[in-house]
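Next come the chains, spelled out residue by residue.
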Amino acid sequence: MVVDRSLSSRAVGLAVHAVIVVVLITTIFPVLNILSNSVSETYHIIAGHVSFFPVGFSLRHYSILFMDPMIPRSFLNSVLITLLGTAVNLAFTVTMAYPLAKRRLPFRRSFMVLIVVTMFFSGGLIPRFMVVRALGMYDSFLALTVPIAISAFNLIVMRTFFKQVPEELEESAFLEGAKETTVLVRIVMPLAKAGVATIALFYAVSHWNAFFDAMIYLYDTRKYPMQLVLRDIVMRTEMARLSFLQDQYGRNDLMEQEAVAIQGIKYGLIAITMLPMLMLYPFIQRYFVKGVMIGSLKD
Amino acid sequence: MSTDTGRRDSRALWREVKKNRALLYLIAPGILYFVIFHYLPIYGLSFAFVDYAPKYGQGVVANYLTSPWIGFTHFVDFFTGPKFFPLLRNTVVLGFYSVLFEFPAAILFAVCLYEVHNLFYRKFAQTISFLPHFISTVSVVAMMVMLFSPSDGYVNWLLSSIGIEPIYFMAEPGWFRPLYVGSGIWAGIGWGAIVYLAAMYGIPTSLYESAAIDGATRLQNIVRITLPSILPTIMILLILRVGTFINVGVEKILLMYNPLTYEVADVIGTYVYRRGIVKFDYSFATAVGLFNSVVNLLLLVVANYTARKVSDESLW
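Residues numbered from 1 in each chain as written. Chains lettered and ligands numbered in written order. Predicted model: local features only at pLDDT ≥ 70, side-chain atom pairs only at ≥ 80, totals over all residues. Heavy atoms only, no water.

**Student:** Which residues make up the overall build of chain B, and what are the values?
**Tutor:** What chain B contains, in helices and strands, is 16 helices and zero strands. Computed over C-alpha atoms, the radius of gyration of chain B comes to 26 Å, more than 25% over the 20 Å expected from 2.2 N^0.38 for 316 residues, which places it beyond the range of a compact globule. C-alpha atoms of chain B, sized along the principal axes, occupy 70 × 65 × 35 Å. Across the 316 residues of chain B, 49% fall into the buried class. In chain B, the share of contacts with a sequence separation of at least 24, taken over all contacts with a separation of at least 6, comes to 66%. With 22 positive and 18 negative side-chain charges, chain B shows a spacing of 11 Å between the two charge centroids. (Helix = DSSP H or I, 4+ residues; strand = E, 2+ residues; numbered from the N terminus. Rg over C-alpha atoms; globule rule 2.2 N^0.38 Å. Buried < 20%, exposed > 50% of the residue type's maximum accessible area, 1.4 Å probe, protein only. Contact = heavy atoms within 4.5 Å. Lys, Arg positive; Asp, Glu negative; His and termini not counted. Charge placed at Lys NZ, Arg CZ, Asp CG, Glu CD.)

**Student:** Describe the packing of aromatic side chains, and please don't skip the residues or the numbers.
**Tutor:** The final tally for this structure, using the stated rule, is 48 aromatic pairs over all chains. Look at Phe29 of chain A and Phe52 of chain A: their rings are 4.8 Å apart centre to centre, the planes differ by 65°, and that puts the pair in the edge-to-face class. One end of the pair, Phe29 of chain A, is in helix α1 (residues 7-38); the other, Phe52 of chain A, is in the loop between α2 (42-47) and α3 (60-67), with 23 residues separating them in the sequence. According to the relative accessible area criterion, Phe29 of chain A is buried, its value standing at 14%. Judged by its relative accessible area of 31%, Phe52 of chain A falls in the partly exposed class. Between Phe52 of chain A and Phe53 of chain A, the ring centres sit 6.3 Å apart and the planes meet at 40°, which makes this aromatic pair tilted. Judged by its relative accessible area of 60%, Phe53 of chain A is exposed. One aromatic cluster is present, built from ring pairs that chain together Phe129 and Tyr217 of chain A together with Tyr43, Phe47, Tyr52, Tyr64, Phe280 and Tyr282 of chain B. Of note, Lys252 of chain B hangs over the ring of Tyr180 of chain B, and the distance from its end group to the ring centre comes to 4.4 Å. (Phe/Tyr/Trp six-rings, centres within 6.5 Å; stacked < 30°, edge-to-face > 60°. Lys NZ or Arg CZ within 6 Å of the ring centre and 35° of its normal.)

**Student:** If you had to explain the pattern of salt bridges to someone new, which residues and values would you point to?
**Tutor:** Residues and elements named next belong to chain B. Applying the stated rule across the entire model yields eleven salt bridges over all chains. Between Asp266 and Arg274 there is a salt bridge; the shortest N-O distance is 2.7 Å. Accessibility classification places Asp266 together with Arg274 in one group, the buried group. The network of salt bridges with common partners includes Lys83, Asp266 and Arg274. (Salt bridge = Lys/Arg side-chain N within 4 Å of Asp/Glu carboxyl O.)

**Student:** Just give me the short version of the packing of α1 of chain A against helix α6 (residues 119-130) of chain B, but keep the residues and values in it.
**Tutor:** The N-to-C vectors of α1 of chain A and α6 of chain B enclose an angle of 35°; their axes lie 9 Å apart at closest approach. Relative to α6 of chain B, the crossing made by α1 of chain A is left-handed. Of the residues in α6 of chain B, those touching α1 of chain A at His17, Ile20, Val21, Leu24, Thr27 and Ile28 of chain A are Tyr121, Phe124, Ala125, Ile128 and Ser129 of chain B. Split into classes, the residues belonging to the contact of α1 of chain A with α6 of chain B amount to eight nonpolar, three polar and no charged. (Axes fitted to C-alpha atoms, helices over the stretch in contact; angles between N-to-C directions. Left-handed = near helix turned anticlockwise from the far one by under 90°. Nonpolar A, V, L, I, M, F, W, Y, C, P; charged D, E, K, R; others polar.)

Okay, here's the thing in structure tokens:
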């Protein structure tokens, strides 16, 4: 490639780097700020001294967090929901994607239409809520997993991976009298391992990060996942403070009314909720990139 | 078609079905899932036309069967009620701003990444930019609450250091839309760039080489080669985006808004949630939700039609 060294070209180059640097700093700063605040000393948090790096070092907020039984319990709930949910997702998605990848599947087109329609039109929140209630799943982890057992997008990604497995391998297995399920489990799935891993990660991350279904389907607060506890502690206290202030004081009294140590605890809680994903994502992001490219291809 | 070939066709089909019944057994749970959790709720939209009143000790189905049919009453109530116009306006405005700012932001970022020739730098920048995609909506909003806190949030600390009075961003109606759109860009810019970048990698380098011979500048390359080459991708994504723009991020708004910001933040989706899930007004909320879905579908059809007329790119 011929490199253009004119003034206008350098201006473009400068603008390009400026955009990238601004994006990167704005991306990282909030995350670093939260993490740094969570391990800073309470005094410096309140004073607003913390920017990119911790000021003073203290794990006090974390020790307070873990003394409350609610936090470890909700962390465990999130782990359970993620594991159970991903298992359900894989069982349903794999068994559906495999037949859909086969030309010899009868009614294949009709099944595809059935699926694609749901990508563009749905019954919406309330009818889905009523169906889940009618099935007796209310207030159980089943409500957070079974109603979202298959995502049409992940199904299509999985089907694409299955399509790439050469048919000849299956043919020879069939000639030796293997059953369809044996072929799927013994031959096709090991060859489409990358695909299974991709959709498993897609599903697992979405379960870990979900809060809405837990909010509408869980009644018992002891079943709450991390995300919901985080919402209650950060957003609810914020709202409680708001209405309190509205009733009692003018806006200017905000400063005096701040609760003190709770701020550090909130930072710690956000950090705990994000950390599993933050630590995982550099290793799994390439699966995501590949998956999203496969899913966005038209076929 | 004569009955004879029809019978032969159906017999051939039956043979196919019998031969491949193992595949049908495998797909059965998935089909059942779609019927129960996607098509049953679509049937459940008929809730919108009855006056559903939960009675103690009675299941959903029994309640539904004993509810009186009232036709379009809920729709009329919604359209003529005081909430209709503000909800519609808020939904459209938020959706419009999201498309207007978030959509081009991802394209701009993709172009910038593509213009970086140092591969390591490009990969590094891209990987960092994916980070928000792995952070939950709850965490994003919680971070906003903390960062923009009037007492110890970093943003207000910066403002006060240059002599500006602290602003309670999350409680100020005027700040709701900028924060909603801004956090949307923050969360989606890197992830959104992937598809465009992939499309750019497909552009033949010979195009740039011949442009260089003609003495094209770098900016001309971007405007005349890079962007036109990814136009099909842009169009497809734009159709999808415009077609779903009324489905604003209800989950994020539910986390962000509070009674002080309802006047700009309350959208159709959040209203459905409050009326239906919080206040058990199931029938009315279903009607409002159905209105939302129908408008959404219409928008998608119109966006698709327009795109096909203008640029030959369409979803179907």
